[in-house]
Amino acid sequence: MEVKMNKNNPTIGYIEGDGIGKEIFSHAKKLFDEAVALAFSGEKQVNWLELMAGEQAFEKTGEYLPQATLDAIGKHKIAIKGPLGTPVGKGFRSVNVALRQQLDLYACVRPVEYFTGIEAPVKKPEAVNMTIFRENTEDIYAGIEFDQGTDDVAKVVHFLTEEFGVNKIRFPKTSAIGIKPVSEEGTKRLVKAAFEYAVANGKQRMTLVHKGNIMKFTEGGFRKWGYEVAEGYDAFTKSMYDYIKKQGGLEAAENAKERALASGRIYVDDVIADNFLQQILLNPESFDVVATLNLNGDYISDALAAQVGGIGIAPGANINYDTGHAVFEATHGTAPDIVGQNLANPSSLILSGVMMFDYIGWPEVAHLIKNALAKTLSNGALTTDLGGMLGTAEFTEKMIANLK
């Protein structure tokens, strides 16, 4: 959808984040402003609005996610943030999860690609070029859990055993219980967003990743509803391929698939999650766009980031494509052990900024920043986590020089 905002002077909220957040954001913001000024010759600029969340917010307001922050993002639609720590003990299970759920940012979008110059742990990191659409609001991240030994869990166990005859809770007196909701509505809006992305970006393959062989009604439901969305896009599905193969053989199926792709149709298949984690190591070039559930997406995104050099260069966005609200974020942790030492890699936040500028309709800025990053890395200018010698400030200055 088109984001309705001031095209020349958009207000963008920013949350510096905890730990290394403050230092990486200050440098990334400088780079963003330089790129905007260069792209538009000073005719456009970002109106940055500082917001609070995480430890800084708790110290000042007693809340990890103040309502004022939610209200501001609700009003201005777009925000970008550094890493936020997860409070230990009571309160939010995760500030990040709470932010996504409060704003109904149902799609976690994680593009993963390799940049020349980075040493990666796999043989062909350049073959990795895919975008993950991870459902953001359901699954176990809904947080429906009952602690072991409490009256609540005893009621749940009693209900399951007495009302439904469940006999698979091996140790009912000492078990904690968790419930994962997966809905048709939640699945279909996520898969629809993934399809729209695939169509807009000329992608040829869409893969539904699930564990439906074990969780037949939740993850199996995700698979079923995902294929129902595919029908609305006239996709060429795996079931069509298998039918043609059964009737006419492998060559006939391959020819039908080739014709479908040549005509602009998208090939849609599904892969069991554990097999998918093998396939992205063995045949990563086989995948373009991936739609999956919340927990699977968490695993898959980090595994793919490792294949191209680490989570320090992995961007992310949390988007509601229906309302236009979006929060772009560094995907790594707060790294308290290196705070203030000029060692943090700002690339994850910078690439999230690339996603943000594309999203608001400023592709000129996104292009400049991404090209500058690619040039910087290919020239061997690396931060310490990537095997180089540059600190946060020096790396960003190299990128600013390479904007031109």
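Residues numbered from 1 in each chain as written. Predicted model: local features only at pLDDT ≥ 70, side-chain atom pairs only at ≥ 80, totals over all residues. Heavy atoms only, no water.

Caption draft 1: Up close: the overall build of the protein. Within the protein one finds 14 helices and 13 strands. C-alpha extents for the protein along the principal axes are approximately 65 × 60 × 40 Å. Across the 404 residues that make up the protein, the buried fraction comes to 50%. By sequence separation, contacts in the protein at least 24 residues apart represent 76% of the contacts at least 6 residues apart. A total accessible area of about 19,100 Å² is found for the protein, and carbon and sulfur atoms account for 51% of it. Taken together, the 41 basic and 51 acidic charged side chains of the protein have centroids lying 3 Å from each other. (Helix = DSSP H or I, 4+ residues; strand = E, 2+ residues; numbered from the N terminus. Buried < 20%, exposed > 50% of the residue type's maximum accessible area, 1.4 Å probe, protein only. Contact = heavy atoms within 4.5 Å. Areas by Shrake-Rupley, 256 points an atom, 1.4 Å probe, with all protein chains shown as cover. Lys, Arg positive; Asp, Glu negative; His and termini not counted. Charge placed at Lys NZ, Arg CZ, Asp CG, Glu CD.)

Caption draft 2: Fine view of the layout of surface pockets. There is about 1,100 Å³ of room inside the largest pocket. Taken together, 39 residues form the lining of the largest pocket, with Tyr197, Asn201, Tyr321, Met355 and Asp358 sitting closest to its centre. Looking at the lining of the largest pocket, the elements with two or more residues in it are β4 (107-113), β5 (129-135), α6 (184-200), β12 (315-319), α12 (347-359) and α13 (363-378). With 6 residues, the single largest contributor to the lining of the largest pocket is α6. Of the residues assigned to the lining of the largest pocket, the class counts are 26 nonpolar, 5 polar and 8 charged. (1 Å grid on protein atoms, 1.4 Å probe; cavity = no way out; pocket = protein on both sides within 12 Å on 5 of 7 lines; lining within 4 Å. Points joined across faces, edges and corners; volume = space filled by probe spheres on them. Nonpolar A, V, L, I, M, F, W, Y, C, P; charged D, E, K, R; others polar.)

Caption draft 3: Looking closely at the pairing of β12. Where burial is concerned, most of β12 is hidden: 5 out of the 5 residues are buried. On β12, burial covers both faces: Pro315, Ala317 and Ile319 on one face and Gly316 and Asn318 on the other are all buried. Sheet topology note: the β4/β12 ladder contains 3 bridges and is antiparallel. Following the sheet pairing, cysteine 108 is matched in β12 by asparagine 318. The pairing of β12 with strand β13 (residues 326-330) spans 5 bridges and is antiparallel. (Pairing = 2+ DSSP bridges.)

Caption draft 4: Molecular detail of the packing of aromatic side chains. Taken as a whole, this structure holds 16 aromatic pairs when the rule is applied. With 4.9 Å between their ring centres and 10° between their planes, tyrosine 14 and phenylalanine 25 make a pair best called stacked. Taken together, the residues span a long stretch of sequence, with tyrosine 14 in strand β1 (residues 11-15) and phenylalanine 25 in helix α1 (residues 21-40) at a distance of 11 residues. Across this residue pair, the class does not change: tyrosine 14 and phenylalanine 25 are buried. (Phe/Tyr/Trp six-rings, centres within 6.5 Å; stacked < 30°, edge-to-face > 60°.)

Caption draft 5: Broad picture of helix α9 (residues 250-262). The first and last C-alpha atoms of α9 sit 18 Å apart over 13 residues, in line with the 18 Å expected at 1.5 Å per residue. Turning to α9, its buried residues are Ala253, Ala256, Lys257, Ala260 and Leu261. Down the axis of α9, the sector holding all buried residues measures 135°, keeping them to one side. Of the residues in α9, the exposed ones pointing more than 90 degrees away from the buried face are Glu251, Arg259 and Ala262. Glycine 264 lies just past α9 and shows a positive phi near 95°. (Expected span 1.5 Å × (residues − 1). Arc of directions from axis to C-beta.)

Caption draft 6: Seen up close, the sheet that holds strand β8 (residues 205-210). Spatial strand order, β2-β1-β3-β13-β12-β4-β5-β11-β8-β10-β9: 11 strands in an open sheet with mixed pairing. Because the sheet does not close on itself, it has two edges, and the strands there are β2 (47-50) and β9 (236-237). Relative to β13, strand β3 (residues 78-81) runs parallel, the two sharing 4 bridges. Bridge pairing in β13 places lysine 81 opposite glutamate 329. Helix-sheet contacts for helix α4 (residues 95-102) involve β3, β5, β12 and β13, and the interaxial angle to β13 is about 165°. (Axes fitted to C-alpha atoms, helices over the stretch in contact; angles between N-to-C directions.)

Shape descriptors only; they carry no functional weight alone.
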